[in-house]
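Okay, here's what each chain looks like letter by letter:
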Amino acid sequence: MPVVDPARLSVVRRKSRRDITVATLSTVVFFVVLGYVVASAPGWTAVQDSFFNLDDAIASWPSVWRAFLLNVKIFLIAEPLILVFALMIAVLRGLRAPVLAPLRVVATLFTDIVRGIPTILLVYLMGFGVPALQLQGVTNSVVFWGTVALVVSYSAYVAEVFRAGIESVHPSQRAAARSLGLNNGQGLRYVILPQAVRRVVPPLLNDFISLQKDTALLSLLGVIEIFNASTIYSNNTFTYTALVVAALLFIALTVPMARFTDWVSARMSRRQQG
Amino acid sequence: MPDNLTKMPKLRLTEVHKAFGDNSVLRGMTLDVDEHEVVTLIGPSGCGKSTVLRCINLLEPIDSGAILFDGDDVSWPGYDANAVRRRVGIVFQSFNLFPHMTVVDNITLAPRKVLGRSGDEATDQAMQLLTRFGLAEKAQDYPDRLSGGQQQRVAIVRALAMDPEMMLFDEVTSALDPELVAEVLEVIRGLKDAGLTMVLATHEMTFAREISTRVAFLDGGVVAELGTPEQIFEAPQVPRTQQFLARVGRAGRL
């Protein structure tokens, strides 16, 4: 049995109770003061009526929600493709075999050029440009080409995240893999990549969240996704509540995802470190 | 078969040179290791002990000279390095276990992927080796949950699972707490009794004296003196060996 001094323990417990009380009180006070400052602003009633109108929220909900499902669909299709392409690009950049030199050059050029172009321009150029080519046998859907633009743009960023992860694995791991007779590809696949991917889960999530929000860029192509749907409602009623509803929907999507990733990272490190 | 081939040692280094940039680490190292022999490399920091082991395992390319393994120059550019590494195991000072895999997965990875053994076969062999070295109950643990001594024993098992013809040990006890050193040295003693050919770089002079068939004192990137443990530790002929052993003795490590 561990030896614990009861007097010592009661002091520690008392202190921790006091800390919790202080934290709760100061949080309540902070939000009450903040609420008071906002509510006492001269324009508050007008803002409340225009931005936080429950009737408008309910009325705009069906069209905003339906449009939001398109954003979610675009995201769900784009994200796995981005992960695959980005990992491929990152791996290609790390290959040393001379015969693969052209692939390495292409991968490097791709990340350099694409990362230099603002995503908004890429969406415009591909969304309007490719359908204008009137290619035979490929779709002219702007949703399709807008999604391709997002995949292209984010693959370049995520590839750099993967590459940073690969380079963060200590060279001694590669040496250990090689010393066991594993070739470069096997070492990468079984030893380097599993460790690299685990390390970059938090920055990957960061890019996921950006992508979820950047699906709204397809509004530029005239796609009725959430931003366009809520703007249409707002323009018809001269209120902004529909946009606030849109913002809340995005938050409802990203916050659970952030908590989920925290949980995954914590579980991984618990398993390894014990 | 010609006579000179039958006399070929298991491993022969001839005039091996290796520099990192302007820093020449090996300056014409020559050494023979016969089958079932245990050769220990001792010497001051920077004498080239670790580098020569990494060169033998082809983890570092050499600049000049030759490394003959069973008579083949394995150091020549373009030689199939993986084929050599299948036959020569190495254990590092810093263990270098794969932290994302359990102990048993660490051990079975190379036998499955390189030697093409089935999962069951590789696992059976891994469990036999783990049992032999008293680690069977750690099979499903991740490396970070193990003590340093246990991790290093697992690293040795991982190398042994490839059934190597020769093992290289690169200061395998230098990163361990003193009370954990003994368990790792015990494993190496067992391997000597089993007749495995070994080359060790070590700072454990007492152990070097006990386990070696021959001891090589390295200094300035060459073998400065080579002999039986008795010759090297009791009657060193070369002044640099004498100075080194005197310093080690003063530090209480002899």
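Residues numbered from 1 in each chain as written. Chains lettered and ligands numbered in written order. Predicted model: local features only at pLDDT ≥ 70, side-chain atom pairs only at ≥ 80, totals over all residues. Heavy atoms only, no water.

J.: Give me the pattern of salt bridges: which residues, what numbers.
T.: Residues and elements named next belong to chain B. One pass over the full model with this rule turns up 20 salt bridges over all chains. We note a salt bridge from Glu165 to Lys10, for which the minimum N-O separation is 2.9 Å. Taken together, the positions of Glu165 in the loop between helix H6 (148-160) and strand S7 (166-170) and Lys10 in the loop between helix H1 (3-6) and strand S1 (11-20) put the pair 155 residues apart, joining distant regions of the chain. Accessibility expressed as a relative area gives 7% for Lys10, which makes it buried. (Salt bridge = Lys/Arg side-chain N within 4 Å of Asp/Glu carboxyl O. Helix = DSSP H or I, 4+ residues; strand = E, 2+ residues; numbered from the N terminus. Buried < 20%, exposed > 50% of the residue type's maximum accessible area, 1.4 Å probe, protein only.)

J.: Could you give an account of the confidence of the model for chain B, naming the residues involved and the relevant values?
T.: Counting all residues, the mean pLDDT for chain B is 92, and 97% of those residues have values of 70 or more. For this predicted complex, the interface confidence score (ipTM) comes to 0.88, while the overall pTM stands at 0.84. (pLDDT = per-residue confidence, 0-100.)

J.: How would you explain helix H7 (residues 171-179) of chain A if you had to name every residue and give the values?
T.: Taken residue by residue, H7 of chain A has Ser172, Gln173, Ala175, Ala176, Ala177 and Ser179 of chain A as its buried positions. On its buried face, H7 of chain A is in contact with helix H8 (184-199) of chain A together with helix H2 (49-56), helix H3 (81-87), strand S6 (88-91) and H6 of chain B. A positive phi of about 90° marks Gly181 of chain A, the residue just after H7 of chain A. (Contact = heavy atoms within 4.5 Å.)

J.: Tell me what's going on with the packing of helix H5 (residues 119-132) of chain A against helix H6 (residues 142-168) of chain A, and back it up with residues and numbers.
T.: Residues and elements named next belong to chain A. Taken N-terminus to C-terminus, the directions of H5 and H6 make an angle of 140°; their axes are 8 Å apart at the nearest point. What the angle tells us is that H5 and H6 run oblique. Judged by the sense of rotation from one axis to the other, the crossing of H5 with H6 is right-handed. Contacts between H5 and H6 involve Thr119, Leu122, Val123, Met126, Gly127, Val130 and Pro131 from the first element and Val142, Trp145, Gly146, Val148, Ala149, Leu150, Val152 and Ser153 from the second. In terms of residue class, the contact of H5 with H6 is built from 11 nonpolar, 4 polar and no charged. (Axes fitted to C-alpha atoms, helices over the stretch in contact; angles between N-to-C directions. Parallel < 35°, antiparallel > 145°, perpendicular 65-115°, else oblique. Left-handed = near helix turned anticlockwise from the far one by under 90°. Nonpolar A, V, L, I, M, F, W, Y, C, P; charged D, E, K, R; others polar.)

J.: Got a sec to walk through the state of the cysteines? Specific residues and values, please.
T.: Residue and element names in this part refer to chain B. A full pass over the atoms with the stated rule returns 0 disulfides over all chains. For the unlinked cysteine Cys47, the closest cysteine sulfur is that of Cys55, found at 13 Å. Owing to a relative accessible area of 2%, Cys47 belongs among the buried residues under this scheme. For Cys55, a relative accessible area of 1% translates into the label buried. (Disulfide = S-S within 2.5 Å.)

J.: Hey, could you go over the interface of chain B and chain A for me, with residue numbers and the actual values?
T.: Chain B puts 25 residues into the contact, and the matching count from chain A is 22 residues. Interface area for chain B against chain A, summed over the two sides, is near 2100 Å², with a carbon-plus-sulfur share of 57%. When the buried surface of chain B facing chain A is broken down by residue, Phe98, His100 and Lys113 of chain B rank first, second and third, together holding 26% of it. Counting across the interface, chain B meets chain A through 0 salt bridges. (Buried area = accessible area lost by both parts, 1.4 Å probe.)

J.: Break down the nonpolar core for me, citing the residues and quoting the values.
T.: What tends to happen in soluble globular proteins is that the nonpolar side chains get buried as a cluster. Judged by nonpolar contacts, the single largest core of 83 residues is most densely connected at Leu11 and Leu41 of chain B. Of all the elements, H6 of chain A adds the most residues to this core, at 10 residues. For Leu41 of chain B, the residues in contact, after removing those within four places along its chain, are Leu31, Lys49, Val52, Leu53, Val199, Leu200, Ala201, Thr202, Ala216 and Leu218 of chain B. The next biggest cluster of nonpolar side chains, apart from the first, holds 37 residues, and it includes Leu130, Val172, Met198 and Ile211 of chain B. (Core = buried A, V, L, I, M, F, W, Y, C linked by side-chain atoms within 4.5 Å.)

J.: So what's going on with a nonpolar patch on the surface? Which residues, and what values?
T.: A cluster of nonpolar side chains, namely Ile77, Leu81, Val84, Phe85 and Met88 of chain A, defines an oily patch on the protein surface of about 450 Å² accessible area. Tracing the backbone shows Ile77 of chain A in helix H3 (residues 54-94). (Patch = residues over 30% accessible without salt bridge, like charges linked within 9 Å, V, L, I, M, F, W, Y side chains within 5 Å. Areas by Shrake-Rupley, 256 points an atom, 1.4 Å probe, with all protein chains shown as cover.)

J.: I'd love a proper account of H6 of chain B, names of residues and values included.
T.: With 13 residues, H6 of chain B should cover 18 Å at 1.5 Å per step; its first-to-last C-alpha distance of 18 Å lies within 8% of that length. The element H6 of chain B is largely enclosed, with a buried count of 13 among its 13 residues. (Expected span 1.5 Å × (residues − 1).)

J.: Can you explain the sheet that holds S1 of chain B? Please cite residues and give values.
T.: Picture the strands of a sheet paired through backbone hydrogen bonds; they go either parallel or antiparallel. Residue and element names in this part refer to chain B. Here we have 4 strands laid out as an open sheet, ordered S2-S1-S4-S5, and antiparallel in their pairing. Unpaired on one side and paired on the other, strand S2 (23-33) and strand S5 (72-73) mark the two borders of the sheet. Alignment of S1 against S2, held across 8 bridges, turns out to be antiparallel. Within the sheet, the bridge partner assigned to Lys18 lies in S2 and is Leu26. (Pairing = 2+ DSSP bridges.)

J.: Lay out the packing of aromatic side chains with the relevant residues and their values.
T.: A complete count under the given rule lists 13 aromatic pairs over all chains for this structure. A centroid spacing of 6.1 Å and a plane angle of 40° characterise the contact between Trp44 of chain A and Phe52 of chain A, whose relative ring orientation is tilted. Given a relative accessible area of 23%, Trp44 of chain A falls into the partly exposed group. Relative to Phe244 of chain B, the ring of Phe217 of chain B lies with its centre 5.2 Å away and its plane at 40°, an arrangement referred to as tilted. Within this pair, whereas Phe217 of chain B is found in strand S9 (residues 214-219), its partner Phe244 of chain B is found in helix H10 (residues 239-250), the two being separated by 27 residues in sequence. For the residue pair Phe217 of chain B and Phe244 of chain B, the accessibility class agrees, reading buried in each case. Three or more aromatic residues link up through ring pairs in this structure, and these residues are Trp44, Phe51, Phe52 and Tyr240 of chain A. A cation sits over an aromatic face here: Lys18 of chain B above Phe20 of chain B, 4.9 Å from the ring centre. We note Arg158 of chain B situated over the ring of Phe98 of chain B; from NZ or CZ to the ring centre the distance is 4.4 Å. (Phe/Tyr/Trp six-rings, centres within 6.5 Å; stacked < 30°, edge-to-face > 60°. Lys NZ or Arg CZ within 6 Å of the ring centre and 35° of its normal.)

J.: Tell me about the packing of helix H4 (residues 101-116) of chain A against H6 of chain A, residues and numbers included.
T.: Residue and element names in this part refer to chain A. The interhelical angle for the contact between H4 and H6, taken along N-to-C directions, is 120°, at an axis separation of 9 Å. As summarised for this structure, H4 and H6 are arranged oblique, according to the angle between their axes. For the pair H4 and H6, the sense of crossing is left-handed. Counting all contacts with H4, which are made through Phe110, Thr111, Val114 and Arg115, the residues of H6 involved are Val152, Ser153, Ser155, Ala156, Tyr157, Ala159 and Glu160. When grouped by side-chain class, the residues that make up the contact of H4 with H6 number 6 nonpolar, 3 polar and 2 charged.

J.: An account of the pairing of strand S10 (residues 222-227) of chain B is needed here, citing residue identities and associated values.
T.: Residue and element names in this part refer to chain B. Direction of pairing for S9 relative to S10: antiparallel, over a ladder of 5 bridges. Paired with Ala216 across the strands is Leu226, a residue of S10. Two successive antiparallel strands, S9 and S10, enclose a turn made up of 2 residues, where Gly220 displays a positive phi of approximately 60°.

J.: Can you break down the side chain of Glu60 of chain B residue by residue, with the values?
T.: Mapped onto the secondary structure, Glu60 of chain B falls in the loop between H2 and strand S4 (64-69). Setting aside chain neighbours within four positions, we find Glu60 of chain B in contact with Lys18, Phe20, Arg54 and Cys55 of chain B.

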